[in-house]
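# Fold and geometry: a report
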Amino acid sequence: MENTNKGGVDLFRFGNLEKFDTIDHFITGRAGGFSKGPFASMNTGFHVGDNDWYVLQNRKKLASMLGVDLTGFTFASQTHSSNVTLVDQCKRGKGSTESETAIPNTDALITKTKGIFICIQVADCVPIILYDPENRAAAVIHAGWRGTLRKVTEATIRMMMQTFETHPSELVAGIGPSNGPCCYEVGEDVKNEALKSLGSIKDVIKPTKKKEKYIFDQWHANLLQLRYAGVKEKNIEIAGICSQCHSDNFYSSRKDNGITGRTTAGIMLK
Ligand SMILES: [Zn+2]
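The sections below set out a description of the structure shown in this document. These numbers were taken from a predicted model, which means no experiment stands behind them. The residue numbering used here restarts from 1 in each chain and proceeds along that chain's sequence as written. Under the rules for a predicted model, residues below a pLDDT of 70 receive no local features and side-chain atom pairs below 80 are neither given nor counted, while totals for whole chains, interfaces and linings still include all residues.

## Section: the environment of Met161
- Note on placement: Met161 falls in helix H4 (residues 152–164).
- Remark: residues whose backbone-derived C-beta atoms lie within 7 Å of one another are considered to be in contact. Residues within four places of Met161 in sequence aside, it is in contact with Thr166 and Pro168. Starting at the N terminus, helices and strands are each numbered in turn, a helix being any DSSP run of H or I of at least four residues and a strand any DSSP run of E of at least two.

What follows is the structure, encoded as structure tokens:
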């Protein structure tokens, strides 16, 4: 990923998506915002314990960096589901100025409507951005361990196929900064859930030296879903940035003991 720092605000972009002038996309960092303390400073999430006014100022600053107004963002109210929602003009601006109007109970947004940044938020969970250059359609996905095991990435591609006639072989995908295989330790419960959901957990759940503790490689698990759906390996970019190792640049719930801000990932069709 490349960081295009503008006015003190970090915006990270995937090289494979940045090539297209028909879209804009971004993943926020922590620099350049108004929030203080554990939320410092570019927290984009309401209801994480931060001052709402700071969050609004951060979002306004982000919008101006991206050349849109605040209603150019549409946010999801995420529930670790595999639910996918189509965003059209009627849903423009939902959740942009308060969380109450965010699109309920959904963890992936897809759109073919120009001029709307569809956005999801993470703090360690995996943000995934998809672009279909043939049909000019886009998706953004929130995949934590639950969403990953519920196969939200596969569900999103299926919905794009049904809604936009997307050919997965044409999709361009970015897997963003999140809990990496260096740090993401899980217990027996997650391992068992993974076995149940995935069948094979080879290269996804790995043993550690600790008893009943495992490493969950969420990047690989989502890579497998992309591949399985038919996305070409050469079209997939994994940022390879662990949010725990890089909690100075990205919000990390684990690193900050649950009290932290939110990173936003978004994509807009121009
Ligand atoms: Zn790490």
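Additional details are given in the paragraphs that follow.
## Concerning the pairing of strand S7 (residues 117–122)
- Here S7 lies mainly inside the structure; 6 of its 6 residues are buried.
- In this scheme the burial state of a residue depends on its C-beta neighbours within 10 Å: 20 or more other such atoms mean buried, 12 or fewer mean exposed, and anything in between means partly exposed; the C-beta positions come from the backbone. With burial as the criterion, each face of S7 is covered, one bearing Phe117, Cys119 and Gln121 and the other bearing Ile118, Ile120 and Val122.
- Bridging between S7 and strand S15 (residues 263–269) involves 5 bridges; their strand directions are antiparallel. Considered in S15, the bridge of Ile118 is made with Ile267. At least two DSSP bridges between two strands are needed for those strands to be called paired.

## Let's talk about the pairing of S15
- When you tally the buried positions in S15, you get 7 out of 7 residues, the bulk of the element.
- Taking every second residue as pointing to the same face, both faces of S15 are buried, with Thr263, Ala265, Ile267 and Leu269 on one and Thr264, Gly266 and Met268 on the other.
- Bridge analysis of strand S3 (residues 23–28) against S15 gives 5 bridges, and the strand direction is antiparallel. Looking at the pairing, Phe26 lines up with Gly266 of S15.

## Here we look at the sheet that holds strand S11 (residues 185–187)
- Pairing is antiparallel in the open sheet, where 3 strands are placed in the order S11-S13-S12. The sheet is open, and its two edges are formed by S11 and strand S12 (205–207), each paired on a single side. Looking at each pair of strands side by side, their axes are set apart by 45 degrees on average, direction ignored.
- Here S12 runs beside strand S13 (residues 213–216); their pairing, made up of 3 bridges, is antiparallel. Each axis is a line fitted through C-alpha atoms, and for a helix only the stretch in contact is used; angles between axes span 0 to 180 degrees, taken between their N-to-C directions.

## Focus: unusual backbone geometry
- Note the cis peptide between Ala40 and Ser41, where omega equals -15 degrees.
- Inspection of the secondary structure assignment puts Ser41 in the loop between S3 and helix H2 (52–66).
- Phi at His47 is positive, roughly 55 degrees, even though this residue is not glycine.
- Among the structural elements, His47 can be located in the loop between S3 and H2.
- For His47, a count of 12 C-beta atoms within 10 Å puts it in the exposed group.

## Focus: H2
- A helix is expected to span 1.5 Å multiplied by its residue count minus one. Given a rise of 1.5 Å per residue, 15 residues ought to cover 21 Å, and the 21 Å separating the end C-alpha atoms of H2 matches this to within 8%.
- Residues of H2 that are buried include every one of Val55, Asn58, Arg59 and Leu62, and no others. Summarising the axial view, the buried residues of H2 lie within an arc of 95 degrees, below the 170-degree limit, and thus occupy one face.
- Of the residues flanking the end of H2, it is Gly67, one or two places downstream, whose phi is positive at about 75 degrees. The directions from the helix axis to the C-beta atoms form the arc being described.

## Focus: the sheet that holds strand S2 (residues 11–13)
- One open sheet accounts for 6 strands, arranged S1-S2-S3-S15-S7-S4; its pairing is mixed. Looking at strand neighbours, the two that pair on one side only are strand S1 (2–3) and strand S4 (73–75), the edges of this open sheet.
- Alignment of S2 against S3, held across 2 bridges, turns out to be antiparallel. Bridged to Leu11 within S3 is Thr28.
- Each of S2, S3, S4 and S7 touches H2; the most contacted strand, S3, lies at about 145 degrees to it.

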